[in-house]
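# Close look at the chain arrangement
What follows is each chain in one-letter form.
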Amino acid sequence: MMFCPKCLCEKTIVNKTIKTPNTNERYRQCLECKYTFITIEAIRTDRYWLEYAEYTLDSNKKEDKRQGKFSFEQ
Ligand SMILES: [Zn+2]
């Protein structure tokens, strides 16, 4: 369940769901105050894999970025 961001009521309905390969967006409406809002459901990834995915997608175009991008030294 999702709380209404306006009145914090817990009773909401889903009017529409938009699915993409990585996310589900849900158009919700509060049954109490009729406020509409959008929620997003996505796979949680850690920062390393997010950067890895960006790096992989970018690597064809941007050869010069190969150096140093993955030096996480914290
Ligand atoms: Zn509400």
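In the block above lies the structure referred to throughout.
Below is a summary of the structure that appears in this document. (Residues numbered from 1 in each chain as written. Predicted model: local features only at pLDDT ≥ 70, side-chain atom pairs only at ≥ 80, totals over all residues.)

## Let's talk about the sheet that holds strand β1 (residues 12-19)
Overall, antiparallel pairing links the 3 strands, which are arranged β1-β2-β3 in an open sheet. On the outer flanks of this sheet lie β1 and β3 (36-42), each paired with one strand and no other. Within this sheet the neighbouring strands show an average axis-to-axis angle of 25 degrees, counted without direction. Across 7 bridges, the pairing between β1 and strand β2 (residues 23-30) is antiparallel. Following the sheet pairing, I13 is matched in β2 by Q29. (Pairing = 2+ DSSP bridges. Helix = DSSP H or I, 4+ residues; strand = E, 2+ residues; numbered from the N terminus. Axes fitted to C-alpha atoms, helices over the stretch in contact; angles between N-to-C directions.)

## Examining the environment of C4
Assignment of secondary structure puts C4 in the segment before β1. By C-beta crowding, C4 is classed as buried, having 20 other C-beta atoms within 10 Å. Placed 29 residues apart in sequence, C4 and C33 show a C-alpha to C-alpha distance of 8.7 Å. If we ignore the near neighbours within four places in the chain, the residues touching C4 are C9, T12, C30, E32, C33 and Y35. (Buried ≥ 20, exposed ≤ 12 C-beta atoms within 10 Å, placed from the backbone. Contact = placed C-beta atoms within 7 Å.)

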